Amino acid sequence: MNGKGRSVESICASAGRDVRSATKPLMAPIYQDSVFEVESLEQLDEIYAGREDGFIYTRDGNPNVGTLESVVTELENADDAVAFASGMGAIGNTLLSLVGAGDTVLAGDVLYGGTNLLLRKHLSKFGVGVEFVDVTDLGLIEKALELGPRVMLVESITNPLLRVTDIEAISKLASASGTRVVVDNTLATPLLMRPLDIGADVTIHSATKVLGGHSDAMGGVAAGRFETMAVLRESNRVWGSTLDPFAAWLIVRGIRTLPLRVARVCENALRVADYLSRHPAVLSTHYPGLRSHPDHDLATSMLDGRFGSMVSFELRGGVEGASRFIRALEMIRFAASLGETCTTVSHPAKTSHRALSEGEREEVGIYGGLIRMSCGIESEEDIEADLGQALEKL
Ligand SMILES: *Cc1c(COP(=O)(O)O)cnc(C)c1O
């Protein structure tokens, strides 16, 4: 733009608003914009009515956020998807959209720590009841569903003991009682399992984890049928939990290598789990790919022949042993997240399940010596070597 004759104030106020390029960038630009210019009142009406494509205000919709939503819609074989500022944003909005005062949520008894806190402490403020059930016991689930909960919330693979949930059987039971099934599919990813294909109503991801895959962006996505997503989209707008465009752009960039990363980490995890299961310093190893895992057969039929990137194992010596082990690690990092390119370990008793008492933790099998590992894309030999030298020091 030619600034000749304009005041410095006007030059500055409109600086950088018009980008001119004859060629299209190979990668989508980041629309780091809160608002979009609309040509006329008529166009505004058309956009609001959905007859014309366009954006008005980023809390209502943004090109980068929309791109992430389209990609997850396809990956999860859904009608539509809605992106949120975090995985918790997706879970919270989904529950608030589907339930109201007087309703009950039936939830798995081992859930991500934040989800657990939301259910135990915050949903009750809205007059919503919460019941918990062992998701590996279909008989108990059938009984709990007889009370007519509005929603059943489960994780496709639970954290940290990596139990596999029979989404297909649960969905069949739930549809008989009119209960909507919401699945946190973060650990499985849509590559290992697509909950909507086997009867679930909503599938949710913490995109902060495997989808994004690089620990540089937070986000969450929920996917499902059109009507449900329309309700969720409005909830997201009014609660203001929408995703930032740059975070959406970063997550989409991460998704481009998702199949490569998932293939590699699943291979690594299977081999590392086998190694740990034979190591004398390890009391028990939890990995659905091991024959010793209680859900091995179910995992073989439910998942796509792979068993995920997470391996949990219990060390001799309780919290003391875990502490010594974590300090001895050289390449593997201690970090309270998962699903990134580096191998990380976390200590469930002191992180995700910190809010529970020791008794409550032990009831669900989370002991002081339990380590949860998220396998990265390094060479398997290096992961094994680092684990080996740290286990030596126990
Ligand atoms: C991390 C995580 C969440 C929460 O996601 P945030 O992006 O941290 O809000 C929910 N469920 C599971 C299984 C997770 O691992």
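About the criteria used
- Residues numbered from 1 in each chain as written.
- Predicted model: local features only at pLDDT ≥ 70, side-chain atom pairs only at ≥ 80, totals over all residues.
- Heavy atoms only, no water.
- Salt bridge = Lys/Arg side-chain N within 4 Å of Asp/Glu carboxyl O.
- Helix = DSSP H or I, 4+ residues; strand = E, 2+ residues; numbered from the N terminus.
- Buried < 20%, exposed > 50% of the residue type's maximum accessible area, 1.4 Å probe, protein only.
- Arc of directions from axis to C-beta.
- Contact = heavy atoms within 4.5 Å.
- Polar contact = N/O pair within 3.5 Å; in protein donor to acceptor, adjacent residues only side chain to side chain.
- Phe/Tyr/Trp six-rings, centres within 6.5 Å; stacked < 30°, edge-to-face > 60°.
- Near = heavy atom within 4 Å.
- Areas by Shrake-Rupley, 256 points an atom, 1.4 Å probe, with all protein chains shown as cover.
- Nonpolar A, V, L, I, M, F, W, Y, C, P; charged D, E, K, R; others polar.
- Pairing = 2+ DSSP bridges.
- Axes fitted to C-alpha atoms, helices over the stretch in contact; angles between N-to-C directions.
- Right-handed = clockwise from strand over helix to strand, strands pointing away.

**Examining the pattern of salt bridges**
- Applying the stated criterion to the full structure yields 14 salt bridges.
- Of the charged contacts in the structure, one is a salt bridge between aspartate 79 and arginine 225, with a shortest N-O distance of 3.6 Å. Placement of the pair is aspartate 79 in the loop between helix H3 (63–75) and strand S1 (80–84) and arginine 225 in the loop between strand S7 (220–224) and helix H9 (226–239), with a sequence separation of 146 residues.
- Of the charged contacts in the structure, one is a salt bridge between arginine 271 and glutamate 380, with a shortest N-O distance of 3.1 Å.

**Description of helix H6 (residues 138–145)**
- Taken as a whole, H6 has its buried residues at Ile141, Ala144 and Leu145. On an axial view of H6, the arc spanned by its buried residues comes to 100°, and they lie on one face.
- In the core, the buried residues of H6 are packed alongside strand S2 (104–108), strand S3 (129–133), strand S4 (151–155) and helix H7 (167–176).
- Here H6 starts with a cap whose side-chain oxygen sits 3.1 Å from the backbone nitrogen of glycine 139, and that cap is aspartate 137.

**A few points about the packing of aromatic side chains**
- One pass over the full model with this rule turns up four aromatic pairs.
- Note on phenylalanine 36 and phenylalanine 55: the rings are 5.7 Å apart at their centroids and 40° apart in plane angle, and the pair reads as tilted. With phenylalanine 36 in the loop between helix H1 (8–13) and helix H2 (41–48) and phenylalanine 55 in the loop between H2 and H3, this residue pair connects regions lying 19 residues apart in the sequence.

**So, the site of the ligand**
- Around the ligand sit 13 residues, and of these Met88, Asp184, Ser206, Thr208 and Lys209 come closest.
- One of the side-chain nitrogen or oxygen atoms of serine 86 is found 3.5 Å away from an oxygen atom of the ligand.
- Serine 206 places a polar side-chain atom, nitrogen or oxygen, 2.8 Å from an oxygen atom of the ligand.
- Alone, the ligand offers 380 Å² of accessible surface; in the complex the protein occludes 94% of this.
- With three residues, helix H4 (residues 87–98) is the largest single contributor of residues to the shell around the ligand.
- Classifying every residue of the shell around the ligand gives five nonpolar, six polar and two charged.

**Examining the sheet that holds S7**
- Judged by pairing direction, the sheet is mixed, and its seven strands sit side by side in the order S1-S7-S6-S5-S4-S2-S3 without closing on themselves. Because the sheet does not close on itself, it has two edges, and the strands there are S1 and S3. Here the strands of the sheet are splayed against their neighbours by 20° on average, with no regard to which way each runs.
- Across three bridges, the pairing between S2 and S4 is parallel. By the bridge assignment for S4, leucine 106 is matched with methionine 152.
- Strand contacts of H6: S2, S3 and S4, with the helix running at about 160° to S3, the strand carrying the most contacts.
- Of the strands in this sheet, S4 and strand S5 (180–184) touch H7, which is tilted by about 155° from S5.

**Structural notes on the pairing of S5**
- Among the five residues of S5, four are classified as buried, and the element is accordingly described as predominantly covered.
- Across five bridges, the pairing between S4 and S5 is parallel. The residue of S5 that forms the bridge with valine 154 is valine 183.
- With H7 bridging S4 and its parallel neighbour S5, the resulting β-α-β unit is right-handed.
- Bridge analysis of S5 against strand S6 (residues 202–206) gives three bridges, and the strand direction is parallel. Directly across from valine 182, in S6, lies its bridge partner valine 202.

**Structural notes on the sheet that holds strand S12 (residues 370–374)**
- Within the open sheet, the five strands sit side by side as S8-S9-S12-S11-S10. Their pairing is mixed. Each end of this open sheet is capped by a strand with a single partner; those strands are strand S8 (282–286) and strand S10 (333–334).
- Of the pairings in the sheet, the one linking S8 to strand S9 (residues 310–315) comprises four bridges and is antiparallel in character. Looking across to S9, one finds that threonine 285 is bridged to phenylalanine 313.
- The strands that helix H13 (residues 318–328) touches are S9, S10, strand S11 (344–346) and S12; relative to S9, the one it contacts most, it runs at about 125°.

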